[in-house]
Amino acid sequence: MDDNYQQDSGHKYGDGSGSGTSSAASGTAARLKEQISETAADVKERVSDFGRRTADKIDASRGPAAESLNRTASALHAKSDRVASAAHATADKLQATAEYVRDHDFKEMAEDVTELVKRYPGQSLAAAAILGFLLARVMRSSD
């Protein structure tokens, strides 16, 4: 502290040169510049290291994430294939029914129904009971 006082007192009272204060200020500025430079280099190195670690973590998680996405896509394909298959089968049946209705008159359809009832009497009776039940429900709800 005495050194600083002497330097300051030499400048204030003194010899008029001011060289002591000037060299002390330039030394302090140089030290500050060096400390700032070191701190900036340290911060830059830490940020760079953080970036590398983050990139490594992302790279490490890419494989499991891709596998999970692949499993999900496969499951969706399997389910959509089943749904699409059922939809196509239903559409094919409706199309066949439309062609049957277009190609057969009422008399031919009645003969086909009679033949079906003779061939499958139990199932025909169950179908008639279900149809009767549904018609009764419709008639009752419309009242």
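Everything quoted here is computed from the prediction, not taken from an experiment.

### Observations regarding the overall build of the protein
Then comes step 1: The helix and strand inventory of the protein stands at four helices and zero strands.
Then comes step 2: Accessible surface, the protein: about 12700 Å² in total, of which carbon and sulfur atoms supply 60%.

### Topic: a nonpolar patch on the surface
Then comes step 1: A grouping of Ile 130, Phe 133 and Leu 134 is seen on the molecular surface, where their side chains present a nonpolar patch of about 320 Å² in accessible area.
Then comes step 2: Among the secondary structure elements, Leu 134 is positioned in helix H4 (residues 121-142).
Then comes step 3: Judged by its relative accessible area of 48%, Leu 134 is partly exposed.

### Brief notes about H4
Then comes step 1: Between the first and last C-alpha of H4 there are 31 Å, a value that for 22 residues agrees with the 32 Å anticipated at 1.5 Å per step.
Then comes step 2: Among the 22 residues of H4, one are classified as buried, and the element is accordingly described as predominantly exposed.

### A few points about the confidence of the model for the protein
Then comes step 1: Looking at the protein as a whole, its pLDDT mean stands at 82, while 85% of the residues score no less than 70.
Then comes step 2: Looking across the protein, the model is least confident in helix H1 (residues 2-13), with a mean pLDDT of 46, and most confident in helix H3 (residues 106-119), with 92.

### Notes on the pattern of salt bridges
Then comes step 1: Counted according to the given criterion, the structure contains six salt bridges.
Then comes step 2: Between Asp 42 and Arg 46 there is a salt bridge, with its nearest N and O atoms 3.4 Å apart. With Asp 42 and Arg 46 both in helix H2 (residues 19-103) and four residues apart, the pair spans about one turn of that helix.
Then comes step 3: Across the pair Arg 53 and Asp 49 runs a salt bridge whose closest N-O atoms are separated by 2.6 Å. Taken as a pair, Arg 53 and Asp 49 lie in helix H2 at a separation of four residues, close to a single helical turn.
Then comes step 4: Taken together, the salt bridges that share partners define one network made up of Asp 49, Arg 52 and Arg 53.

### Some remarks on a negative patch on the surface
Then comes step 1: The grouping of Glu 99, Asp 103, Asp 105, Glu 108 and Glu 111 at the surface amounts to a negative patch.
Then comes step 2: Among the secondary structure elements, those contributing two or more residues to the negative patch are H2 and H3.
Then comes step 3: Judged by relative accessible area, which is 41%, Glu 99 ranks as partly exposed.

Calculation rules
- Residues numbered from 1 in each chain as written.
- Predicted model: local features only at pLDDT ≥ 70, side-chain atom pairs only at ≥ 80, totals over all residues.
- Heavy atoms only, no water.
- Helix = DSSP H or I, 4+ residues; strand = E, 2+ residues; numbered from the N terminus.
- Areas by Shrake-Rupley, 256 points an atom, 1.4 Å probe, with all protein chains shown as cover.
- Patch = residues over 30% accessible without salt bridge, like charges linked within 9 Å, V, L, I, M, F, W, Y side chains within 5 Å.
- Salt bridge = Lys/Arg side-chain N within 4 Å of Asp/Glu carboxyl O.
- Buried < 20%, exposed > 50% of the residue type's maximum accessible area, 1.4 Å probe, protein only.
- Expected span 1.5 Å × (residues − 1).
- pLDDT = per-residue confidence, 0-100.
- Lys, Arg positive; Asp, Glu negative; His and termini not counted.
- Charge placed at Lys NZ, Arg CZ, Asp CG, Glu CD.

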